[in-house]
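Analysis of the macromolecular model
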Amino acid sequence: MALFADLVRTSGGGPVADVGCGPGRITAHLRELCVDAFGIDLSPAMIEVAGRDHPGLRFEVGSMTDLDLADASMAGLVAWYSLIHVPDDEIGSVLAHFHRVLRPGGPLLLSFHVGDESRLKTQGYGGHPMKVYVHRRRPCQMTAWLNDAGFTVEAHRTLSSAESTLGGILLARRQPDTRQ
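Residues numbered from 1 in each chain as written. Predicted model: local features only at pLDDT ≥ 70, side-chain atom pairs only at ≥ 80, totals over all residues. Heavy atoms only, no water.

1. Digging into the pattern of salt bridges
Here the structure, examined in full by the defined rule, presents eight salt bridges. Between Asp71 and Arg100 there is a salt bridge, with the nearest N and O atoms lying 2.8 Å from each other. One end of the pair, Asp71, is in the loop between strand E3 (59-61) and strand E4 (76-80); the other, Arg100, is in helix H4 (residues 88-101), and 29 residues separate them in sequence. Looking at Asp71, the relative accessible area reads 55%, which means it is exposed. (Salt bridge = Lys/Arg side-chain N within 4 Å of Asp/Glu carboxyl O. Helix = DSSP H or I, 4+ residues; strand = E, 2+ residues; numbered from the N terminus. Buried < 20%, exposed > 50% of the residue type's maximum accessible area, 1.4 Å probe, protein only.)

2. Notes on the environment of Ser63
The residue Ser63 is located in the loop between E3 and E4 in this model. Judged by its relative accessible area of 22%, Ser63 is partly exposed. Taking C-alpha positions, Ser63 is 5.2 Å from Leu42, a pair spaced 21 residues apart along the chain. For Ser63, the contacting residues outside a window of four places in its chain are Ile40 and Leu42. (Contact = heavy atoms within 4.5 Å.)

3. Digging into the packing of aromatic side chains
Tallied over the full model, the rule gives one aromatic pair. Ring centres of Trp80 and Tyr81 lie 6.0 Å apart, and the angle between their planes is 85 degrees; on these two criteria the pair is classed as edge-to-face. With a relative accessible area of 25%, Tyr81 lands in the partly exposed category. Above the plane of the ring of Phe38 lies Arg58, whose end atom (NZ or CZ) is 3.9 Å from the centre. (Phe/Tyr/Trp six-rings, centres within 6.5 Å; stacked < 30°, edge-to-face > 60°. Lys NZ or Arg CZ within 6 Å of the ring centre and 35° of its normal.)

4. Notes on helix H5 (residues 139-148)
Within H5, the full set of buried residues consists of Pro139, Met142, Trp145 and Leu146. All buried residues of H5 project into a common sector of 125 degrees when viewed along the axis, lining one side. Among the exposed residues of H5, those oriented more than 90 degrees off its buried face are Cys140 and Asp148. Just beyond H5, the residue with positive phi is Gly150, at close to 95 degrees. (Arc of directions from axis to C-beta.)

5. Let's talk about unusual backbone geometry
Trans peptide bonds make up the majority, and among non-glycine residues the majority have a negative phi. You will see that Cys34, though not glycine, has its phi angle at about 65 degrees, which is positive. Note on placement: Cys34 falls in the loop between helix H2 (25-32) and strand E2 (36-41). A positive phi is found at Tyr81, a non-glycine position, where the angle reads about 55 degrees. Turning to its location among the elements, Tyr81 is positioned in the loop between E4 and H4.

6. Re the side chain of Ser111
Looking at the element boundaries, Ser111 is found in strand E5 (residues 107-113). For Ser111, a relative accessible area of 1% translates into the label buried. A distance of 2.8 Å separates the side chain of Ser111 from the backbone nitrogen of Tyr81, its partner in a polar contact. Every residue in contact with Ser111, bar those within four places of it in the chain, is listed here: Ala79, Trp80, Tyr81, Ser82, Gly168 and Ile169. (Polar contact = N/O pair within 3.5 Å; in protein donor to acceptor, adjacent residues only side chain to side chain.)

Right under this line is the structure:
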């Protein structure tokens, strides 16, 4: 996260969208790292929680499958464990939106659960009922999708702990659109 923040700042700074921000924890952390971050989430309830827990920060309802942001308007994008709810057949469309709204050379930081399966999650944190699919993906597949969408992966890591399943983190940059 600190490397991402440094890349945003050294490239001139500007707005950074935390796409699928949930309760705003990552948005707030980016602000602590002196990044002009704001959060977007599909769930109005999550936006309400984010606003309550992080007063003074900007959060808005929106969808990563139809980002309502101007072309090349973002200095950076973060999707921290938010693509896990997007089916494989929609990833290309989401990454095309990310490419459209990022400035050329802008960094994209993604994290995801590593694996090959998808499963239905029926209970959320705190025991709240829910019905969402969680999709696990291989880093090589995420890298291929990013390349196809006009990004270059510059760094990747896999992480695990006793409390968490294997996770992947990819740092990529938007390449200029050379398609005519």
